[in-house]
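Survey of secondary and tertiary structure
Now for the letters of each chain:
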Amino acid sequence: MKKRFLSTIAIAGAAAMALTACSSDSDAGSSDAADGGGGGDVITVGFAQTGSESGWRSANTESMKTAFSSENGFELVFNAADNDTAAQIAAVRSFINQGVDAIVIAPIVEDGWDDVLQEASDAGIPVILEDRTVSASEDLYAAWIGLDFEQEGVTAGEWAAAEFGDTETNMVVLEGTTGSAPANDRATGFDSAIEGTMITKIDSQTGDFTRDGGKSVMEGFIQNYGVDGIDLVYAHNDDMALGAIEAIEAAGAVPGEDIKIISIDAVHDGMQALVDGKINYIVECNPLLGDLVAAAVTGVVNGEDVEAVQYVEDLAFDQAAAEEALPDRKY
Amino acid sequence: MRSIWRHRLFWPVVALLTLIAVNSIARPNFIKFRVRDGELFGAIITILRDSAPLMLVALGMTIVIATRGIDLSVGAIMAVSGAVALTIIDNSGDAGNLGVVLIAVVAALLVSLVLGVWNGFLVSVLGIQPIIATLVLMLAGRGVALLITGGFITTVNSEPFSFIATGYLFVLPFAFFISVAAITVIGLVERRTALGVLTEAVGINPEASRLAGVRSRGIIWGAYIVSGTLAGLAGILYASNIRAADANAAGVFIELYAILAVVLGGTSLNGGKFSIAGTVIGVLIIQTLDSTILFLGVPSAQSPVFFAIVVVVVVVVQSPRIRNAIGRMSRSRQPKAAAVEPPVEDKQKAEVTR
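Residues numbered from 1 in each chain as written. Chains lettered and ligands numbered in written order. Predicted model: local features only at pLDDT ≥ 70, side-chain atom pairs only at ≥ 80, totals over all residues. Heavy atoms only, no water.

1. Things to note about the interface of chain B and chain A
What counts here: Residues count as neighbours in contact if any of their non-hydrogen atoms are within 4.5 Å of one another. Joining two parts hides part of their accessible area as seen by a 1.4 Å probe, and the buried area is that hidden amount summed over both. Whenever Lys or Arg places a side-chain nitrogen within 4 Å of a carboxyl oxygen from Asp or Glu, that contact is recorded as a salt bridge.
Across the contact, 32 residues belong to chain B and 32 residues belong to chain A. Buried area between chain B and chain A, both sides added, is near 2,500 Å², and the carbon and sulfur share of it is 45%. The interface formed by chain B and chain A holds two salt bridges in total. A:Glu246 serves as the salt-bridge partner of B:Arg243, at 3.1 Å between the closest nitrogen and oxygen.

Spelled out as structure tokens, the structure:
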């Protein structure tokens, strides 16, 4: 008796879920129909974000949401994949099935995009890549708007070479997520810039772009080489640098003096640490891509020619520049 | 000698000691301690401190697994707990105030407790399979945490709050005392009272134990509440360590590492007999392995493979068949007798008196 009662509840629950699923489906259908009737003024855009792993990402998401607002004539279908590649590909597939007008992707990793991009192209949906790149053929996407990660690495490396290139310097690297474009390119750019100097890369491990990752990897480095054995930290993003600061302070050393820190991103917390002298140099990685992406989407959907590769200008800050810039920063 | 050799914690302890030996040979720094301002530093201290969140989660997981359940939601509960604590501290406007921090910690623990109550309700009252019941929170909990923090990483500069994970009491890290306290409390309650035996009874045969007069519903429900609350405490430790509530990264995969720790410690996923000491050793193996990867400088791309190989070796060596085979090889004169496990009663007595 009791069992039957429970199963009735379960069935009722399942039915209710099915009903809500139906109703939300029909909502989507009707709004699509309304769009069609209104002459297609509203552009439906599916945006597959990586997740919200860092302050940079949050600022990027905000910028995209503002640019793709309904006031600007867009309907944004937003998906954050929590740094899970499979989930992100699934999200893009669901955008294709929903029949959005354009898809914007911030790919988590470079590889593995060929099939799903081909599906989008078969369905006639233009794809615009934001922030990171993919290794798939360039015919499969309309445009890429992002940052020159390699140039960021070069800028950071040139500063390091100028400051420390003449003295014996032991450097450790906190890498980004293994296999991601920013991690690969920032490493390549930096390495090429410090070539021939007296800076030696003694170790390099991934901190996954998170604070916790940066902190625990830095703790490992400190135990391995000692505080005196490390002169310079190159972190592929600010969050890992902030984690490293915690680790260095916990080991009784002074970040920014005993161990110098170079980082990339320039999010608010990072800039604050730079002003406080705990980080020595930050190369910006501008997250405010929304307006450029929105312009490209509008162009592509209206059949205009859009520049295939668009770089956003990056700045670089030392302590003095950061003090000046911090009050006006949007993120 | 033979009883040591066949004790079920023998292989986990050997694995742990081997890891420590390999580390000490590869890098003599590993076993060195330094004292600075009356505080002890060193690789082993870091392992003890950093293992605290996993230790708390794995202890709760041990109890849940003993009731023949599983709790997949612990990572998400960590994220929620950290988000609740930091949001309260951040909004208070007085981050350095000890009272504010205490209120935040208690509130976060209460929320985690409620989440544990929810899990337990689904499993023990509605009779939903544990893996499904806790999957709900595992998937939804992180979303709740992101909702609380508004999708951002909330950061605070609060001395009393960061003390929880990074502070020192006497000469040892405060976080280490938290995990020792949790181990002691769980150990005493489960082994010095009848609760442990009742828990095992429920895990071995829920129906039979019900007929024998054990109120299994309360015991199962309680296990999920304990697991949820301990996960909440782990979430506070995690957030305190980085002074930030990172709803996306907090406790990712920790449910799987906790299950691994429980299994490495010799507790069966089929429920029933469980070993608190085994779980403690399992957690230390995982944490030591984690820092070994850093110590030996295994390249980032290869580290999961390295981790997998070591875990596979430990699990295989622990499997009863392999153990029996080794036992037979070393004492070929007594083919059968050597392979037989000690009688259950003896084992249980050993467990209770330990």
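2. Section: helix α8 (residues 238-250) of chain A
All names here are of chain A. Note the following rule: Strands are runs of DSSP state E lasting at least 2 residues, helices are runs of H or I lasting at least 4, and numbering of each runs from the N terminus. In this analysis, the expected span of each helix is defined as 1.5 Å times one less than the number of residues it contains. Burial classification: accessible surface area is computed with a 1.4 Å probe over protein chains only, and a residue below 20% of its type maximum counts as buried, one above 50% as exposed, and the rest as partly exposed.
Along its 13 residues, α8 runs 18 Å from first to last C-alpha, staying within 8% of the 18 Å computed at 1.5 Å per residue. Most of α8 sits out of view: eleven of its 13 residues are buried. Turning to α8, its buried residues number three or more, namely Asp238, Asp239, Met240, Ala241, Leu242, Gly243, Ala244, Ile245, Glu246, Ala247 and Ile248. Just past α8, the residue Gly252 takes up positive phi, approximately 85 degrees.

3. Quick word on the pairing of strand β4 (residues 127-131) of chain A
In the case of a regular strand, side chains alternate between the two sheet surfaces. Residue and element names in this part refer to chain A. Worth spelling out the cut-off: Strands qualify as paired when DSSP identifies two bridges or more between them. Here the term right-handed applies to a crossover when the path leading from its first strand over the helix to its second strand runs clockwise, the strands being oriented away from the viewer.
Counting buried positions along β4 yields five of five residues, so the element is predominantly enclosed. Where strand β3 (residues 102-105) lies against β4, three bridges are found, and the strand directions are parallel. Within β4, the residue paired with Ile105 across the bridge is Leu129. What joins β3 to β4 is helix α4 (residues 114-122), and the crossover it makes is right-handed. As paired elements, β4 and strand β5 (residues 143-146) share four bridges and run parallel to each other. Bridge assignment links Asp131 to a residue of β5, and that residue is Gly146.

4. A word on the sheet that holds strand β2 (residues 74-80) of chain A
Residues and elements named next belong to chain A. Note the threshold: Under this scheme, a helix contributes an axis fitted over its contacting stretch, all axes are lines through C-alpha atoms, and angles between N-to-C directions fall in the 0 to 180 degree range.
What the six strands build is an open sheet, ordered β2-β1-β3-β4-β5-β11; its pairing is parallel. Since the sheet does not close on itself, it has two edges, and those belong to β2 and β11 (309-311), each with one partner. Ignoring strand direction, the axes of neighbouring strands in this sheet form an average angle of 20 degrees.

5. Some remarks on unusual backbone geometry
Residue and element names in this part refer to chain A. Positive phi outside glycine occurs at Asp131, with the angle close to 65 degrees. Checked against the element boundaries, Asp131 lands in strand β4. One non-glycine residue with positive phi stands out, namely Ala266, at about 65 degrees. Mapped onto the elements of the fold, Ala266 is located in the loop between β9 (260-265) and α9 (268-275).

6. Details of the confidence of the model for chain B
We apply this condition: Each residue carries a pLDDT score, the predictor's own confidence in it, on a scale running from 0 to 100.
Of all residues in chain B, 92% have pLDDT values of 70 or greater, and the mean over the chain is 86. Every residue in residues 335-354 of chain B scores below 50 in pLDDT, and together they form 22 contacts with partners more than four places removed in sequence or on other chains.

7. Structural notes on the nonpolar core
Note the threshold: Only buried residues count toward a nonpolar core, which is a set of Ala, Val, Leu, Ile, Met, Phe, Trp, Tyr and Cys residues joined through side-chain atoms within 4.5 Å.
Membership of the largest hydrophobic core comes to 89 residues, with the highest contact counts inside it found for B:Val57, B:Met61, B:Ile89, B:Phe161 and B:Leu237. Excluding residues within four positions of it along the chain, B:Met61 makes contact with B:Ile70, B:Asp71, B:Val74, B:Ser227, B:Glu255, B:Ala258, B:Ile259 and B:Val262. Within the second largest apolar cluster, 41 residues are counted, among which are A:Ala102, A:Ala143, A:Tyr281 and A:Ala296.

8. A look at the sheet that holds strand β8 (residues 232-235) of chain A
Across a sheet, paired strands are connected by hydrogen bonds in the backbone, their directions being either parallel or antiparallel. Residue and element names in this part refer to chain A. Strand order across the open sheet formed by six strands is β7-β6-β8-β9-β10-β12, with mixed pairing between neighbours. The open sheet is flanked by β7 (199-206) and β12 (316-317), the only strands paired with a single partner. In terms of strand pairing, strand β6 (residues 169-175) meets β7 through seven bridges, oriented parallel. Considered in β7, the bridge of Met171 is made with Lys201.

9. Focus on the pattern of salt bridges
All names here are of chain A. Taken as a whole and assessed by the stated rule, the structure comprises 14 salt bridges over all chains. Residues Arg93 and Glu119 are paired through a salt bridge, measuring 2.8 Å at the closest nitrogen-oxygen approach. Here Glu119 lies in helix α4 and Arg93 lies in helix α3 (residues 85-98), a separation of 26 residues in the sequence. Judged by its relative accessible area of 34%, Arg93 falls in the partly exposed class. Three or more residues are tied together by salt bridges with common partners; here these are Arg57, Asp131 and Arg132.

10. Topic: the environment of B:Ala175
All names here are of chain B. Looking at where Ala175 falls in the secondary structure, it is placed in helix α9 (residues 174-191). Accessibility expressed as a relative area gives 2% for Ala175, which makes it buried. When the C-alpha atoms of Ala175 and Pro53 are compared, they prove to be 8.6 Å apart, with 122 residues separating the residues in sequence. Apart from residues no more than four positions distant in its own chain, Ala175 is found in contact with Arg49, Ala52, Ile164, Ala165 and Leu237.

11. Things to note about the pairing of strand β1 (residues 43-49) of chain A
All names here are of chain A. For β1, the tally of buried residues reaches seven of seven residues, placing the bulk of the element in the interior. Across the two faces of β1 the burial is the same, with Ile43, Val45, Phe47 and Gln49 and Thr44, Gly46 and Ala48 all buried. Pairing between β1 and β3: four bridges, direction parallel. Opposite Val45, over in β3, you have Ala102 as the bridge partner.

12. Concerning the packing of aromatic side chains
We apply this condition: For Phe, Tyr and Trp, where Trp contributes only its six-membered ring, two rings pair if their centres lie within 6.5 Å, and the inter-plane angle classes them as stacked under 30 degrees, edge-to-face over 60, or tilted in between. Either the NZ atom of lysine or the CZ atom of arginine qualifies as a charge over a ring when it sits within 6 Å of the ring centre and within 35 degrees of the ring normal.
Inspection of the entire model under this criterion finds 13 aromatic pairs over all chains. Between the aromatic rings of A:Phe221 and A:Tyr225, the centroid separation amounts to 6.5 Å while the plane-to-plane angle is 50 degrees, which identifies the pairing as tilted. Here the residue A:Phe221 and the residue A:Tyr225 both occupy positions in helix α7 (residues 211-225), the gap between them amounting to four residues, near one helical turn. Accessibility expressed as a relative area gives 0% for A:Phe221, which makes it buried. Take A:Tyr225: its relative accessible area is 26%, and that puts it in the partly exposed class. What links up through ring pairs into an aromatic cluster is the set A:Trp159, A:Phe164 and A:Tyr281. Lying over the aromatic face of A:Phe78, A:Lys65 brings its terminal NZ or CZ to 4.4 Å of the ring centre. Note that B:Arg191 overlies the ring of B:Phe274, its terminal NZ or CZ placed 4.2 Å from the centroid.

13. So, the side chain of B:Thr292
Residue and element names in this part refer to chain B. Put simply, the test is: Definition of a polar contact: a pair of N or O atoms within 3.5 Å, with one able to donate and the other able to accept a hydrogen when the atoms are protein atoms, and with sequence-neighbouring residues admitted only if both atoms are side-chain atoms.
By secondary structure assignment, the location of Thr292 is in helix α14 (residues 276-295). In terms of polar contacts, Thr292 uses its side chain to reach the side chain of Asn23, at 2.9 Å. Within polar-contact distance, the side chain of Thr292 engages the backbone oxygen of Thr288 at 2.5 Å. Beyond its immediate chain neighbours, meaning those up to four positions away, Thr292 contacts Leu19, Asn23 and Phe306.

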